[in-house]
Amino acid sequence: MESYLNKDFDVVDHKNRSPETLAKWRKAVRLVKNPARRWRHVADLTKRAEAEKKKKQIQEKIRVALYVQKAALHFIEAGDSQSATEKPSQVEYKLSEEAKREGFSIHPDELASIIRGHDIKALKIHGGVDGILTKVSVSVDEGVRSNSIPIRQNVYGLNHYTEKPPRSFLMFVWEALQDLTLIILLVCAVVSIGVGIATEGWPTGMYDGVGILISVELVVLVTAISDYRQSMQFKDLDREKKKIFIQVTRDGKRQKISIYDLLVGDIVHLAVGDQVPADGLFISGYSLLIDESSLSGESEPVNVYEGRPFLLSGTKVQDGSGKMLVTTVGMRTEWGKLMETLIEGGEDETPLQVKLNGVATLIGKIGLAFAVVTFLVLTGRFLVEKVLKNEITDWSSTDAMTLLNYFAIAVTIIVVAVPEGLPLAVTLSLAFAMKKLMNDKALVRHLSACETMGSASCICTDKTGTLTTNHMVVTKTWIGEKSIDVKGNENKDVVKSEISGALSILLQVIFQNTSSEVIKDDGKTSILGTPTESALLEFGLLLGGDFDAQRREFKILKIEPFNSVRKKMSVLVALPHGGIRAFCKGASEIVLGMCNKFIDCNGESVNLSREEANNIMDVINSFASEALRTLCLAFKDIDDSSVNSDIPDDGYTLIAVVGIKDPVRPGVKDAVQTCLAAGITVRMVTGDNINTAKAIARECGILTEGGLAIEGPDFRNMSPADMNAVIPYIQVMARSLPLDKHTLVKNLRNTFHEVVAVTGDGTNDAPALHEADIGLAMGIAGTEVAKESADVIILDDNFSTIVNVARWGRAVYINIQKFVQFQLTVNVVALMINFVSACVSGDAPLTAVQLLWVNMIMDTLGALALATEPPNEGLMKRPPVSRGTSFITKAMWRNIIGQSIYQLAVLGVLNFRGTQLLGLTGSDATDTLNTVIFNAFVFCQVFNEINSRDIEKINIFRGMFDSWVFLGVMVCTVAFQIVIIEFLGAFASTVPLSWQLWLLCVLLGFVSMPVAVVLKCIPVERTVKPPDGYKAIPDGPPANLV
């Protein structure tokens, strides 16, 4: 089987599959009873191709607009002022009277046309950005007023996109009815009713046909309910995926709102990594660099400034910061039209779905062959009997009914034999796991990620906010040649007196060189910004600083925002009494290297000698060894008074070194130990100082004896051979760049064949998130760019949540294995008992109605019971499943074959010797025997379903009473079996049984449990063949790095 699966259903990489690969898998799945249901949750390749074509047309249209804009800018800059101001021919837009009364003076379609066409001429005619602000009735400082929200929504629309309409429950019922085998059975049932009434009269003649009808309806109803619940779960998850928040100014206050609440006229604050939430115009900002590739397809980012003010929805802020005026929202934007093309996208198949499609196809072919042979054998025996009795020319309606029943049995064998539920069970299990993970603060964006996370053998994690709480506070500072402990209000007066000589310049660098804001509302002070900047601002406020007064006093000329490559933030300001000053803060070693002076104990600026620099480095290292994040703050006065001065990179005066405490999260150490016990290596990759990183790593249990802590520059300068030699031992990488993380991930995957999960929060982490098997973006600290590149969003930024995702991923994998083991056992037994009985006795002991009930037990109800079991702690005490491992393991084959032999032996003895063994006599002896066989068969499946809860361990009851879904399915199965036997005999071809026969059936089913214990004691080969190209880990790191 494995060679067959590897030929047509091999999954090399669960990411970035080509349309050709997807088409190959679909083509290989030749035997599908219900294509509409089988492929519902996966991408429609035809519609996806059409959407891609439409997307390219929109991108081409935008690209043309960009080229036209460039030409227009060149034309205007050439000095044709008359052309620039003359009114172009345009469509006449009529604004409603209500809109005019509210102070609006521009039509939404006209606004959309200006932005979409990058029409610089039309913008100038309307008075530029200031004119548009007036025409949409807002001011930059005030923003949208709350009382104008309803009228704005009516006039300019909502920021909502066209979505695929939700399916009703009846649509799922209709879809379940598309199963070809069920349709054939329905036709057989109708014919059976007609022929039966004609031959046997009313109501006896209709029982067989009505029984099939009721069974089909029950199968359809249960299937539709299960699918509808899955659909609701996916809908809830999709709603969570679309939650994006942005910062706006409203009612004069900066606040956070959902992008779906955005209105025309809103003043939006943009920062690195943000997604532009609507079409708009640039108002002000610094070095704003926009990635428009998602819209235009152009990879080159564009600068946005006063001369090129157009911002398009869906683009990304690659660098810089700024304010924008929202001019167009919703379906009037090009992004809205693009989103409309994506609603038919769908998910690609997960690796397990691909494998199980292959398993279902192979078993389906075998089942189809058995069904055909069974029908031919039954029909052949019937015809031979007629020939022997010289009745070959004498045909009656009873004969027609007999042949019809044979055909119905054959079709029902196909229903049972084609395990349509196998790939769909993966979807059910993943939907259940994703819903549970959503409640546990993990949003799974791609189905395959949850499944793949169960095989993760390595987690490369950030430090800040993931291993630590991200609640930062300044606890130490070095200023004026002395270190000072900062204990909040407890010693603030002491701190102020100690640093009085440098207090003024310290407050300047804190309040001027920041992208965060201090907000005062109803007497309460709050800080809106990153945790690091918030800690510095809190320190400044503690020292008695006034944020608003500082900001009013100085004029900011230029900003270089912090990013993970520069590792510093710089700002250029105009001083109140003339002159320019640059402020810089960032990674201690980098900023210290830019300084040639420092402020001494007298508050004077003095030269920084090599000896003093070494002393300061010792201070930095001592702070770092206490697990403090260290930053250096510096300034430089610039003689050149030109506003266009570049921010310098050297010649600074060091003001202070600050140590910021970011405590390790509670539970992280236990979570790391859980990973290590589960065979998952945890590596910390951080931009922090190596001493800080090592201290935190030791506290978390990541850095262990024999582990290696390395700095990013050392790592990236290694030769490939040296890199491969040290990678297995790297536990901490400090002062790393995003490129270092990407290189590490690539080598772990390609050279060492690890299944790698990577965390990231910044824009520059996107390549590593994309390269990894599982990209994990931070929900709180993460940028929209990082989230879009990720497979899972960790909503609480907590490492323990990542471990929980791995736990659920393993649960999905093992649950599907349990279900496959259970279903294949039912398949083998149901096929063999009917086939052998047909060949030997010319009759099938299991009727069409009974087989349909068995199909529902093993398909929908079995998947619900086994594929939705929650994870247990034992899952994290075994190594991860490596790449290339067979899905159906030898232990599973052992259990399937062993249980099948037991059940076939029991049912075979009952079928051929049951009458004598049970002492059955009378006219209903055959009916009673067939009922006992059916009942014993069902109870064998009930107890085998319990056996399947653990493939290798004997204790299969652990956690069973905590799984209410499993218990509910068991109770419902047994209860309905009693109803079928005792009360629905006319429809199900059964007769009521005595309590002794009931006890016998239950005991025969129960014996499968001790059989399972014996089977699990049989050893199976446990050696795992390494994948092709696998390189063994060397015995130790290179001597020069130990």
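Residues numbered from 1 in each chain as written. Predicted model: local features only at pLDDT ≥ 70, side-chain atom pairs only at ≥ 80, totals over all residues. Heavy atoms only, no water.

Section: the overall build of the protein chain
Next up, step 1: Counting its secondary structure elements, the protein chain contains 40 helices and 26 strands.
Next up, step 2: Counting every position in the protein chain, which comprises 1042 residues, the buried fraction comes to 55%.
Next up, step 3: Pairs at least 24 residues apart make up 74% of the contacts formed inside the protein chain by residues separated by at least 6 positions.
Next up, step 4: When the accessible surface of the protein chain is totalled, it reaches about 43500 Å², and 56% of it is carbon and sulfur. (Helix = DSSP H or I, 4+ residues; strand = E, 2+ residues; numbered from the N terminus. Buried < 20%, exposed > 50% of the residue type's maximum accessible area, 1.4 Å probe, protein only. Contact = heavy atoms within 4.5 Å. Areas by Shrake-Rupley, 256 points an atom, 1.4 Å probe, with all protein chains shown as cover.)

Here we look at the pairing of strand S20 (residues 652-661)
Next up, step 1: In terms of residue burial, S20 counts as a mostly covered element, since nine of its ten residues are buried.
Next up, step 2: Pairing geometry for strand S17 (residues 595-599) and S20, over three bridges, is parallel. Bridge assignment links lysine 597 to a residue of S20, and that residue is threonine 653.
Next up, step 3: The sheet contact formed by strand S19 (residues 628-638) and S20 spans eight bridges and is antiparallel. Of the residues in S20, the one forming a bridge with leucine 633 is alanine 656. (Pairing = 2+ DSSP bridges.)

Let's talk about the UniProt feature "transmembrane region" (unreviewed entry) in the protein chain
Next up, step 1: The feature "transmembrane region" (unreviewed entry), as annotated in UniProt, sits at residues 180-199, 205-225, 362-384, 404-433, 964-989 and 995-1015 in this numbering.
Next up, step 2: With 100% helix and 0% strand, residues 362-384 has end C-alpha atoms that lie 33 Å from one another.
Next up, step 3: Span residues 964-989 is 92% helix and 0% strand, its end C-alpha atoms 32 Å apart. (UniProt positions renumbered as here; feature names shortened; annotations may be inferred.)

Points about the sheet that holds strand S21 (residues 681-685)
The pairing of strands in a sheet happens through backbone hydrogen bonds and is either parallel or antiparallel.
Next up, step 1: Within the open sheet, the eight strands sit side by side as S8-S26-S25-S24-S9-S21-S23-S22. Their pairing is mixed. Every other strand in the sheet has two partners, leaving strand S8 (442-444) and strand S22 (708-711) as the edge strands with one partner each. Recorded for the sheet is a direction-independent mean angle of 20 degrees between the axes of neighbouring strands.
Next up, step 2: Sheet analysis places S21 next to strand S23 (residues 730-734), joined by two bridges and oriented parallel. (Axes fitted to C-alpha atoms, helices over the stretch in contact; angles between N-to-C directions.)

Re helix H25 (residues 610-625)
Next up, step 1: Taking 1.5 Å of rise per residue, the 16 residues of H25 would be expected to cover 22 Å, and the 22 Å separating its terminal C-alpha atoms lies within 8% of that figure.
Next up, step 2: Regarding H25, the residues found buried are Glu612, Ala613, Ile616, Val619, Ile620, Phe623 and Ala624. Viewed end-on, H25 has its buried residues packed into an arc of 135 degrees, placing them on one side of the element. Exposed and oriented more than 90 degrees from the buried face of H25 are Arg610 and Glu611. (Expected span 1.5 Å × (residues − 1). Arc of directions from axis to C-beta.)

Some remarks on the packing of helix H33 (residues 799-841) against helix H34 (residues 848-866)
Relative orientation and spacing of two packed helices are given, respectively, by the angle between their axes and the distance between those axes.
Next up, step 1: H34 packs onto H33 with a crossing angle of 170 degrees between their chain directions and a minimal axis gap of 9 Å. For the element pair H33 / H34, the angle class is roughly antiparallel. Between H33 and H34, the contacting residues are Asn815, Lys818, Phe819, Phe822, Gln823, Val826, Asn827, Ala830 and Asn834 on the first element and Leu851, Val854, Ile857, Met858, Asp859, Gly862, Ala863 and Leu866 on the second.
Next up, step 2: In terms of residue class, the contact of H33 with H34 is built from ten nonpolar, five polar and two charged. (Parallel < 35°, antiparallel > 145°, perpendicular 65-115°, else oblique. Nonpolar A, V, L, I, M, F, W, Y, C, P; charged D, E, K, R; others polar.)

Overview of the pairing of strand S13 (residues 524-528)
Next up, step 1: Examined bridge by bridge, strand S12 (residues 517-521) and S13 share five bridges and lie antiparallel to one another. When the bridges of S13 are listed, glutamate 517 appears paired with leucine 528.

Things to note about the packing of aromatic side chains
Next up, step 1: Enumeration over the complete set of coordinates arrives at eleven aromatic pairs.
Next up, step 2: Measuring from ring centre to ring centre gives 5.8 Å for phenylalanine 511 and phenylalanine 547, while their planes differ by 85 degrees; the resulting arrangement is edge-to-face. You can see phenylalanine 511 sitting in helix H21 (residues 503-512) and its partner phenylalanine 547 sitting in helix H23 (residues 547-553), a full 36 residues away along the chain.
Next up, step 3: Ring geometry for tryptophan 853 and phenylalanine 976: centres 5.0 Å apart, planes at 50 degrees, overall tilted. Here tryptophan 853 is found in helix H34, whereas its partner phenylalanine 976 is found in helix H37 (residues 964-983), with 123 residues between them in sequence.
Next up, step 4: Taking the relative accessible area as the measure of exposure, phenylalanine 976 reaches 29% and is therefore partly exposed. (Phe/Tyr/Trp six-rings, centres within 6.5 Å; stacked < 30°, edge-to-face > 60°.)

Digging into the packing of H34 against helix H36 (residues 925-947)
Next up, step 1: Running from N to C, H34 and H36 cross one another at 10 degrees; their axes reach a closest spacing of 11 Å. In terms of orientation, H34 and H36 fall into the roughly parallel class. Residues Gln850, Trp853, Val854, Ile857, Leu861, Gly862, Ala865 and Leu866 of H34 form the contact with H36, whose participating residues are Phe934, Phe937, Val938 and Glu945.
Next up, step 2: Tallied by class, residues from the contact of H34 with H36 come to nine nonpolar, two polar and one charged.

Some details on the confidence of the model for the protein chain
Next up, step 1: When pLDDT is averaged across the protein chain, the result is 82; 87% of the residues are at 70 or more.
Next up, step 2: Of the regions scoring below 50 in pLDDT, residues 80-89 engages in ten contacts with residues more than four places distant in sequence or in other chains.
Next up, step 3: The model gives residues 1023-1035 a pLDDT under 50, and that stretch makes 17 contacts with residues more than four places away or in other chains. (pLDDT = per-residue confidence, 0-100.)

What to know about a nonpolar patch on the surface
Next up, step 1: Taken together, the side chains of Leu383, Val387, Ile392 and Trp395 make up a nonpolar region of the molecular surface, amounting to roughly 340 Å² of accessible area.
Next up, step 2: Of note, tryptophan 395 is situated in the loop between helix H16 (351-388) and helix H17 (397-417). (Patch = residues over 30% accessible without salt bridge, like charges linked within 9 Å, V, L, I, M, F, W, Y side chains within 5 Å. Salt bridge = Lys/Arg side-chain N within 4 Å of Asp/Glu carboxyl O.)

Notes on the nonpolar core
Next up, step 1: Membership of the largest hydrophobic core comes to 154 residues, with the highest contact counts inside it found for Leu185, Met453, Ile774, Val792, Phe799, Ile816 and Val820.
Next up, step 2: If you tally residues by element for this core, the top one is H33, at 20 residues.
Next up, step 3: When neighbours within four sequence positions are excluded, isoleucine 774 is seen to be in contact with Ala449, Thr452, Met453, Ala456, Val755, Val756, Ala757, Val758, Asp791 and Val792.
Next up, step 4: With 53 residues, the next largest nonpolar core counts Ile58, Ile244, Ala278 and Phe282 among its residues. (Core = buried A, V, L, I, M, F, W, Y, C linked by side-chain atoms within 4.5 Å.)

Looking at unusual backbone geometry
Next up, step 1: A positive phi is found at glutamate 481, a non-glycine position, where the angle reads about 70 degrees.
Next up, step 2: Note that glutamate 481 resides in the loop between strand S10 (473-479) and strand S11 (482-485).
Next up, step 3: Its identity is not glycine, yet serine 989 carries a phi of approximately 60 degrees, on the positive side.
Next up, step 4: Mapped onto the elements, serine 989 comes out in the loop between helix H38 (985-988) and helix H39 (995-1006).
Next up, step 5: For serine 989, a relative accessible area of 33% gives the class partly exposed.

Here we look at a positive patch on the surface
Next up, step 1: A cluster of like positive charges, contributed by Lys877, Arg878, Lys953 and Arg958, occupies part of the molecular surface.
Next up, step 2: Looking at where lysine 877 falls in the secondary structure, it is placed in the loop between H34 and helix H35 (890-918).
Next up, step 3: Taking the relative accessible area as the measure of exposure, lysine 877 reaches 65% and is therefore exposed. (Lys, Arg positive; Asp, Glu negative; His and termini not counted. Charge placed at Lys NZ, Arg CZ, Asp CG, Glu CD.)

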